[in-house]
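The residues making up each chain are set out below.
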Amino acid sequence: MRTQNDVELANSHNNTQIENNQSTVETLISRVLGVPEYLITDQLEYQSIMEWDSLGHISLLLALEKCYGLEILPEDRTLLTSVGAIKKYFDPDSSEAVKNGFNSEVIESSNKTLYRGLNGIAFDKTRISSIDGKNGHLHYRGYSIHDLVEQSHFEETAYLLLYGKMPTAKQLEDFDRELKNSRKIPPAMLDIISKLDRAHPIEVLRTVISAMAMYDEERNSSMFFKRRSIRLIAQIPTIIAAHLKLRSGQTIIEPSATLSHADNFLYMLHGTPPTKRVSSVFEKILILHADHGSNASAFAARVVASTNSDLYSSLTAAIATFAGELHGGAIEKVIGMIKEIGRPELAAAYVERQHAARKPVMGFGHRVYQTEDPRARHLREIAYNLSREGGEPLWFDILEAVVEAMKSYIGKGIDVNVDFYASVIYHLLSIPDDLFISVFAAGRLPGWIAQVQEQYDNNILIRPLLTYTGEKDLSYVPINKR
Ligand code: COA
């Protein structure tokens, strides 16, 4: 919530602007939404007219922020849903609204504040990742991903996430050795994988992680949390690769004891270690995937951890959540979309069809970013280079044609997300389409583990409310009288 000071400060900075705009909230709303000013009454509400849809709403909030030089805090955004509420919020004389806050207004009227999808709600503090959705920045433990992706490697970034600080050379050496020594999975787990040969790879991963708890007799002990974490990070690529081989009747490739994490992963998938070029690309991707704050999968992991359940249960929940197409599952959908489009000149028609069917274009949009996902910058460059170097420019050209066709959405804050370019990169790395989600999940593991650890370290049971809107005080009628 803005404080009175914020308002006064902003007002003094923007005096002229505000004076000019005092009677013009209506004008601004009318201009941004593209509706005549006579329609803009205090009672006009978000989604009551076609023009004030959620895209219009985002544009409106951005325009108001720009006009008044104020940042509308996430928790306030969902409250500015009528012309009257917006006028009150930005009226410099309306100190009461600012002092009491819209939240309390809502609480008084409904006894609970309802934030659908927990949109814009912070549920705890974190020291893992910080995301600036407005300006498109992402930091792990204070380090910009732009620096990490250029200068770090997966093992170091994983250490950073797990331990909270950069390792010394000795610490990294020990960490790396433990990862390398932990890659093999017990034969009993291979049996389970072989029985799941027809399942989708992400279902296999989810099931095997859940089953792994059986092989850890101390799973409820926090004493070996780090060792357990390292083992999980090391073994997930082995599980994914073993399933790939078993389902196609091939011999499993034993993990290498010397290759880096990224190289060993590709080696077990493809049978040969990657070239230096491919290795560096995959390393970057794993770093970019390593954490992303309290997204749906990390939140699910934290909800499970908050009940004092074990790490395997938390990760099972995280993977189950990640698999959905609105989250990590989008990466597999994007490659399907790119293949379906087939030629750059067909991208615009595809986007139009999706729009007409009110379906999202996969790889676009994000709950937190209102601008381009900062990871996309690196992924775009990698996709471009791989596509050109591999003599397959078509892939990148289709991606760019989709971006062009999405221009009007991009202007309204629906920009490319991490899955868009990553899907084509995976494809160009010869990773089978149905393995994309699992490979992404393998990269995300250090982040999920860090989230679970942080939840344990300062635990509080996560238990939100629902606002009941169903029928009340019904009389029970016996079944023979209904
Ligand atoms: N393509 C077209 N329109 C999109 C869109 C997309 N990818 N993403 C959002 N929109 C539109 C919605 O249709 C909606 O418009 P409407 O209110 O007029 O119907 C508006 O933008 C808000 O979308 P909504 O789904 O309510 O926002 P959200 O914050 O809940 O959704 C996602 C975020 C990620 C679920 C959503 O952007 C999406 O479905 N993206 C595609 C899947 C994807 O790539 N997921 C990976 C995310 S990293």
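Within each chain, residue numbers correspond to sequence positions counted from 1 in written order. A pLDDT threshold of at least 70 governs which residues receive local features in this predicted model, and a stricter bar of 80 or more applies before side-chain atom pairs are shown or counted, although totals over entire chains, interfaces and linings include all residues. Think of the side-chain values as coming from all heavy atoms in the structure, minus any hydrogens and water.

Caption draft 1: View of the site of the ligand. Being near a molecule or strand, for a residue, means having at least one of its heavy atoms within 4 Å of it. In the vicinity of the ligand lie 21 residues, with Ser-54, Val-361, Gly-363, Phe-364 and Asn-417 positioned nearest. Within the side chain of Arg-358, a nitrogen or oxygen atom sits 3.2 Å from an oxygen atom of the ligand. Any N or O atom pair separated by 3.5 Å or less is treated as a polar contact, with the protein-specific requirement of one donor-capable and one acceptor-capable atom, and with residues adjacent in sequence counted only for side-chain atom pairs. Between the ligand and the protein, one listed contact pairs an oxygen atom with a side-chain N or O atom of Asn-417 at 2.9 Å. Taken by itself the ligand offers 860 Å² of open surface, and the protein chains cover 73% of this. Basically, the charged four are Asp, Glu, Lys and Arg, the nonpolar ten are Ala, Val, Leu, Ile, Met, Phe, Trp, Tyr, Cys and Pro, and anything else, Gly included, counts as polar. For the shell around the ligand, the per-class residue count stands at 10 nonpolar, 6 polar and 5 charged. Surface accessibility in these figures is a Shrake-Rupley result with a 1.4 Å probe; residues are shielded only by whichever protein chains are displayed.

Caption draft 2: Seen up close, the packing of helix α3 (residues 25–33) against helix α6 (residues 83–90). Convention adopted: a line fitted to C-alpha atoms gives each axis, helices being fitted over their contacting stretch, and angles between N-to-C directions are expressed from 0 to 180 degrees. A run of DSSP states H or I qualifies as a helix once it reaches four residues; a run of E qualifies as a strand once it reaches two. Both are numbered from the N-terminal end. The contact between α3 and α6 brings their axes to 10 Å, and the two run at 130°. When the interaxial angle is binned, α3 and α6 end up oblique. Between α3 and α6 lies a crossing whose hand is right-handed. Two secondary-structure elements touch here, α3 through Val-25, Glu-26 and Ile-29 and α6 through Val-83, Ile-86 and Lys-87. Classifying every residue of the contact of α3 with α6 gives 4 nonpolar, no polar and 2 charged. For classification, angles of less than 35 degrees are called roughly parallel, those exceeding 145 degrees roughly antiparallel, those between 65 and 115 degrees roughly perpendicular, and all remaining angles oblique. Should the near helix be turned anticlockwise from the far one by less than a right angle, the crossing is termed left-handed; should it be turned clockwise, right-handed. Should any heavy atoms of two residues lie within 4.5 Å, those residues are counted as being in contact.

Caption draft 3: Representation of helix α12 (residues 201–212). By definition here, a helix of n residues has an expected span of 1.5 Å times n minus one. Its 12 residues place the ends of α12 16 Å apart at the C-alpha level, agreeing with the 16 Å of an ideal helix rising 1.5 Å per residue. When we look at burial in α12, the residues that qualify are Pro-201, Ile-202, Val-204, Leu-205, Val-208, Ile-209, Ala-211 and Met-212. Exposure categories follow from relative accessible area, calculated using a 1.4 Å probe and restricted to protein chains: below 20% of the type maximum is buried, above 50% is exposed, and the middle band is partly exposed.

Caption draft 4: Structural context of the environment of Glu-203. Note that Glu-203 resides in helix α12. Given the relative accessible area of 34%, Glu-203 is considered partly exposed. C-alpha separation for the pair Glu-203 and Val-25, spaced 178 residues apart in sequence, amounts to 51 Å.

Caption draft 5: Up close: the pairing of strand β1 (residues 129–132). Bridging between β1 and strand β2 (residues 137–140) involves 4 bridges; their strand directions are antiparallel. Looking across to β2, one finds that Ser-130 is bridged to His-139. Two strands are counted as paired when DSSP detects at least two bridges linking them. Connecting the antiparallel pair β1 and β2 is a turn made up of 4 residues, with Gly-136 showing a positive phi of about 70°.

Caption draft 6: The arrangement of the packing of aromatic side chains in detail. Only centres within 6.5 Å qualify two rings of Phe, Tyr or Trp (six-membered ring in Trp) as a pair; their planes then separate them into stacked at under 30 degrees, edge-to-face at over 60, and tilted for everything else. All chains considered together, the criterion is met by 14 aromatic pairs. Ring centres of Phe-123 and Phe-299 lie 4.9 Å apart, and the angle between their planes is 80°; this geometry places the pair in the edge-to-face category. Highlighted residues: Phe-123 in the loop between α7 (95–110) and β1 and Phe-299 in helix α16 (residues 296–305), separated in sequence by 176 residues. Overall, Phe-123 belongs to the partly exposed group, its relative accessible area being 30%. Through a chain of ring-to-ring contacts, the aromatic side chains of Phe-364, Tyr-384, Phe-396, Phe-420 and Tyr-421 assemble into a single cluster.

Caption draft 7: Representation of the pairing of β2 within the structure. Only one face of β2 is buried: it carries Leu-138 and Tyr-140, and the other face, with His-137 and His-139, is open. Across 2 bridges, the pairing between β2 and strand β3 (residues 143–144) is antiparallel. Across the sheet, residue His-139 finds its bridge partner in β3, namely Ser-144. The hairpin turn running from β2 into β3, its antiparallel successor, is 2 residues long, and Arg-141 in that turn takes a positive phi close to 50°.

Caption draft 8: Local environment of the packing of helix α18 (residues 330–341) against helix α21 (residues 393–405). Between α18 and α21, whose axes approach to 10 Å, the crossing angle comes to 95°. Here α18 lies roughly perpendicular to α21, going by the angle between them. Contact with α18, carried on its side by Ile-335, Met-337, Ile-338, Lys-339 and Ile-341, involves Trp-395, Ile-398, Leu-399 and Val-402 of α21 and no other residues of that element. A breakdown of the residues in the contact of α18 with α21 according to their chemical character gives 8 nonpolar, no polar and 1 charged.

Caption draft 9: Geometry of the pattern of salt bridges. Salt bridges are defined as contacts in which a side-chain nitrogen from Lys or Arg sits within 4 Å of a carboxyl oxygen from Asp or Glu. All chains considered together, the criterion is met by 20 salt bridges. For Lys-180, the salt bridge is made with Asp-176, and the minimal N-O distance between the two is 2.7 Å. In this pair, Lys-180 and Asp-176 both sit in helix α10 (residues 169–181), 4 residues apart, roughly one turn of the helix. Both residues of the pair, Lys-180 and Asp-176, count as buried. The residue Asp-397 makes a salt bridge to Arg-388 at a minimum N-O spacing of 3.2 Å. Each member of the salt-bridge network shares a partner with another, and the members are Lys-170, Glu-173, Asp-174 and Arg-177.

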